[in-house]
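Coordinate analysis (summary)
One-letter residues, chain by chain:
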Amino acid sequence: MDKITGFQNALIKKAKGLRESRERRSRGMTIIDGAREIGRAFDAGIVFDRVFYVKGRQEALLKKLSAQKIESIEVSGKVMEKLAYGDRDEGIIAVIKTPALTLKDLKLSAQPLVIVLESLEKPGNLGAVLRTCDGAGVEAVLVCDPKTDVYNPNVIRSSTGVIFSVPLISASALEISSFLKSKKIKICASTPAAPKLYTQVNFKGAWALVLGSEDQGLSDFWLSQAEVTVKIPMNGIADSLNVSISAAIILYEALRQRQN
């Protein structure tokens with residue numbers, strides 16, 4: 001195919017349309033912006049539809065993609081600027097099939113550490129939590145009642161592509177709770193009203209940490225399902241931390257305990 005230089009090209013319009021959640025849902029596709037994120041999706045075995053690139057950039061990555069017969073289409077720099085997000089222009093964009101894992105697909109160890117996120121709204125927060133989960137050895141991220149598309153390109157970007165290596169599943173709160181109980185995974189809910197500090201819980205064994213959004217907190221459903229509730233001490237006027245920071249604090253305490 002010849003280099004695409006016009007914004008009205010049908011393939012460019014379709015790729016750009018994937019910025020909209022409705023398009024992503026209806027087509028079962030999403031878009032990845034950035035060489036690192038694309039490389040991590042490739043390494044995770046994600047199904048690629050096609051790649052758009054600017055000649056002379058990301059040549060090593062393009063060679064790797066081409067070796068697997070992934071269609072690569074050259075575009076002009078101006079067209080890439082329209083496809084890229086904000087001022088981030090690394091000269092490569094990928095269109096992929098959205099992963100569709102379910103709870104039945106999960107293969108957990110005998111004593112897993114998983115996280116449940118309820119009603120998260122901001123893509124950046126979900127991406128940041130995914131990075132923490134990757135670092136802390138979390139085996140699955142379960143999202144219930146999400147207010148953002150979990151494969152929003154901004155989630156992919158803020159996760160730096162680790163979204164493709166940490167199993168991520170969206171399901172209802174009831175489905176997730178039933179799954180955890182069937183696997184005998186204890187539930188720890190984080191809430192500012194908890195009587196215990198997060199450091200007072202023994203996180204060895206099979207555990208699920210449940211966190212809610214900063215503005216809403218956790219629903220009564222999850223508070224009623226939890227074997228234990230914990231809090232992070234707050235000594236100022238704020239009553240809670242950003243959800244991604246809360247996740248990092250508690251998960252790394254769990255990792256510390258589980259490594260000893």
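Residues numbered from 1 in each chain as written. Predicted model: local features only at pLDDT ≥ 70, side-chain atom pairs only at ≥ 80, totals over all residues. Heavy atoms only, no water.

Next up on the list: helix α1 (residues 10-17). The complete set of buried residues in α1 reads Leu 11, Ile 12, Ala 15 and Gly 17. Packed against the buried residues of α1 are α2 (21-27), β1 (29-33), β2 (48-53), β3 (72-74), α5 (77-83) and β4 (92-97). (Buried < 20%, exposed > 50% of the residue type's maximum accessible area, 1.4 Å probe, protein only. Helix = DSSP H or I, 4+ residues; strand = E, 2+ residues; numbered from the N terminus. Contact = heavy atoms within 4.5 Å.)

Looking now at the sheet that holds β3. Across the sheet, which stays open at both edges, the four strands sit in the order β1-β4-β2-β3 with mixed pairing between neighbours. For this open sheet the edge positions go to β1 and β3, each flanked by a neighbour on one side alone. The average undirected angle you get between the axes of adjacent strands in this sheet is 20°. Inspection of the sheet shows β2 paired to β3 by three bridges, in the parallel sense. Bridge pairing in β3 links Phe 52 to Ile 73. Set on the sheet, α1 makes contact with β1, β2, β3 and β4; between it and β2 the angle comes to about 110°. (Pairing = 2+ DSSP bridges. Axes fitted to C-alpha atoms, helices over the stretch in contact; angles between N-to-C directions.)

Here helix α3 (residues 35-43) crosses helix α4 (residues 59-67) at 25°, and the two axes come no closer than 11 Å. It follows from the interaxial angle that α3 and α4 lie roughly parallel. The two elements α3 and α4 meet at a crossing, and its hand is left-handed. Across the interface between the two elements, Ala 35, Ile 38, Gly 39, Phe 42 and Asp 43 from α3 touch Leu 61, Lys 64 and Leu 65 from α4. Residue classes in the contact of α3 with α4 are distributed as five nonpolar, one polar and two charged. (Parallel < 35°, antiparallel > 145°, perpendicular 65-115°, else oblique. Left-handed = near helix turned anticlockwise from the far one by under 90°. Nonpolar A, V, L, I, M, F, W, Y, C, P; charged D, E, K, R; others polar.)

Strand order in the open sheet made by the seven strands is β7-β6-β5-β10-β8-β11-β9, with parallel pairing throughout. The sheet is open, and its two borders are formed by β7 (168-171) and β9 (196-197), each paired with just one other strand. Looking at chain direction, strand β6 (residues 140-144) and β7 are connected through four bridges and run parallel. Counted as the bridge partner of Val 143 is Ser 170 from β7. Relative to the sheet, helix α6 (residues 123-136) contacts β5 (113-118), β6 and β7, its axis offset from that of β5 by approximately 175°. Strand contacts of helix α10 (residues 243-259): β5, β8 (186-190), β10 (207-212) and β11 (228-231), with the helix running at about 165° to β10, the strand carrying the most contacts.

Glancing now at unusual backbone geometry. One non-glycine residue with positive phi stands out, namely Gln 58, at about 55°. You can see Gln 58 is positioned in the loop between β2 and α4. Although it is not a glycine, Lys 184 sits at a positive phi angle of roughly 55°. Structurally, the position occupied by Lys 184 is in the loop between α8 (173-182) and β8.

Assignment of secondary structure puts Asn 242 in the loop between β11 and α10. A C-alpha to C-alpha distance of 9.5 Å links Asn 242 and Asp 215, two positions 27 residues apart in sequence. Those residues in contact with Asn 242 that sit more than four places away from it in its chain are Asn 125 and Glu 214.

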